[in-house]
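What follows is the residue order along each chain.
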Amino acid sequence: MAFPLTCGHENEPSSSQSDERTALELEYRCLETELSLSRTDSTYLVLDFERKRIELKLRAAEVWGCPMVAAPDSVADLDAFQRRFENGSGTLARRLLDKHLFRAEDQISDSVLRIVSEAVNVDPGKLQRELPERFQLRWNDRAILEVTADVNGRPVSRIRNAVVGIRGMLESPLGESTLSLRMKPDDALTLYRAVSSGTPTLLIPSL
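Anyway, here's the lowdown on the structure attached to this text. Since the model is a prediction, treat every value here as computed from it, not as a measurement.

## Comments concerning the side chain of Glu133
Moving on, step 1. Counting through the fold element by element, Glu133 comes out in strand E7 (residues 131-139).
Moving on, step 2. Owing to a relative accessible area of 17%, Glu133 belongs among the buried residues under this scheme.
Moving on, step 3. If we skip the residues at most four places from it in the chain, Glu133 touches Arg103, Ala104, Val147, Thr148, Ala149, Val151, Asn152, Gly153 and Arg154.

Structure, rendered in structure tokens:
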């Protein structure tokens, strides 16, 4: 009696086929989530880990963007932040919980204000003239994005800085994940001024 030369797994997908299917499913979920966000009149933040970019979008059109450059000691935190944001359930969209400005420079030139006002569609006269040196964006489940710019700033509020620092130390054992990024001063200013509590945020994971 002749026996087949296979082990009965000829119909099982190969590893490459499985990876391709996973990538396609993720792309579909990202597109579906962004389509939902683009139907509103609100600007939303995009953390694109696949392309290493941070963007602000309105109706799926990019209105501002910059490279996602991790601080030298934070490169390994890219995956940890992504996992924390998804929280084990594949969550791709969250609303920003809050933001905190640690240090800033007092004055901003009119030329920089003009660039930022065009990006966020706000009258330059209504923008505060503080240039951020260091600030944090925070989402639920202790996912934190910390941005530092090459600015010679000063503490904005020592008391609030201390409160945020103590909160971070208390939450660290609970699994806080902080991703530290470096930005140009005008990019840091644009991001800080453009987002606020409740800003929708889309995460595009890397595979």
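Moving on from the coordinates now.
## Describing the packing of aromatic side chains
Moving on, step 1. All told, the structure shown has 5 aromatic pairs when counted by the stated rule.
Moving on, step 2. Judged by centre distance (5.9 Å) and plane angle (75 degrees), the ring pair of Phe81 and Trp139 falls under edge-to-face. Of the two residues, Phe81 is situated in helix H2 (residues 77-86) and Trp139 in strand E7; the sequence distance between them amounts to 58 residues. The pair formed by Phe81 and Trp139 is uniform in burial state, with each residue classed as buried.
Moving on, step 3. Put simply, the rings of Phe49, Phe81, Phe85 and Trp139 pair up and form one aromatic cluster.
Moving on, step 4. Geometry around Phe85 places Arg94 over its ring, the cationic atom sitting 5.5 Å from the centre.
Moving on, step 5. For Lys99, the ring lying beneath its charged end belongs to Tyr192, and the centroid distance is 4.1 Å.

## Some points on the sheet that holds strand E10 (residues 177-183)
Sheets are built from strands paired through backbone hydrogen bonds, the pairs being either parallel or antiparallel.
Moving on, step 1. Read from one edge to the other, the open sheet built from 6 strands follows the order E4-E10-E8-E7-E6-E9, with strand pairing classed as mixed. Of all strands in the sheet, those with a lone pairing partner are strand E4 (69-70) and strand E9 (154-155), marking the two edges.
Moving on, step 2. Relative to E9, strand E6 (residues 98-105) runs antiparallel, the two being bridged by 2 bridges. Paired with Arg103 across the bridge in E9 is Pro155.
Moving on, step 3. Helix-sheet contacts for H2 involve E7, strand E8 (143-149) and E10, and the interaxial angle to E10 is about 125 degrees.
Moving on, step 4. Those strands touched by helix H5 (residues 185-194) are E6, E7, E8 and E10, and its axis lies near 45 degrees from that of E7.

## Notes on the environment of Val69
Moving on, step 1. Inspection of the secondary structure puts Val69 in strand E4.
Moving on, step 2. Linking Val69 and Ile54, residues 15 residues apart in sequence, is a C-alpha distance of 9.5 Å.
Moving on, step 3. If near-sequence neighbours (up to four positions away) are discounted, Val69 is found in contact with Ser180, Leu181 and Arg182.

## A look at the pairing of E8
Remember that side chains alternate between the two faces of the sheet whenever the strand is regular.
Moving on, step 1. With 7 of 7 residues buried, E8 lies mostly within the body of the structure.
Moving on, step 2. Because side chains alternate across E8, one face comprises the buried residues Ala143, Leu145, Val147 and Ala149, and the other comprises Ile144, Glu146 and Thr148, equally buried.
Moving on, step 3. Note that E7 and E8 share 6 bridges and pair antiparallel. When the sheet's bridge partners are listed, Arg138 is paired in E8 with Ile144.
Moving on, step 4. Counting the residues in the hairpin turn of E7 and E8 gives 3 residues, including Asp141, whose phi is positive at 65 degrees.
Moving on, step 5. Pairing of E8 with E10, which is carried by 7 bridges, proceeds in the parallel orientation. Within the sheet, the bridge partner assigned to Thr148 lies in E10 and is Arg182.

## Remarks on the sheet that holds strand E1 (residues 44-48)
Moving on, step 1. Strand order in the open sheet formed by 5 strands is E3-E2-E1-E11-E5, with mixed pairing between adjacent strands. Among the strands making up the open sheet, the edge pair consists of strand E3 (61-67) and strand E5 (93-95). Sheet twist, expressed as the mean angle between neighbouring strand axes with direction ignored, is 25 degrees.
Moving on, step 2. With respect to the sheet, H2 is in contact with E1, E5 and strand E11 (200-204), its orientation differing from that of E11 by roughly 125 degrees.
Moving on, step 3. Packed on one face of the sheet, H5 meets E1, strand E2 (53-58) and E3 and runs near 130 degrees to E3.

Each value, and the rule that gives it
Residues numbered from 1 in each chain as written. Predicted model: local features only at pLDDT ≥ 70, side-chain atom pairs only at ≥ 80, totals over all residues. Heavy atoms only, no water. Helix = DSSP H or I, 4+ residues; strand = E, 2+ residues; numbered from the N terminus. Buried < 20%, exposed > 50% of the residue type's maximum accessible area, 1.4 Å probe, protein only. Contact = heavy atoms within 4.5 Å. Phe/Tyr/Trp six-rings, centres within 6.5 Å; stacked < 30°, edge-to-face > 60°. Lys NZ or Arg CZ within 6 Å of the ring centre and 35° of its normal. Pairing = 2+ DSSP bridges. Axes fitted to C-alpha atoms, helices over the stretch in contact; angles between N-to-C directions.

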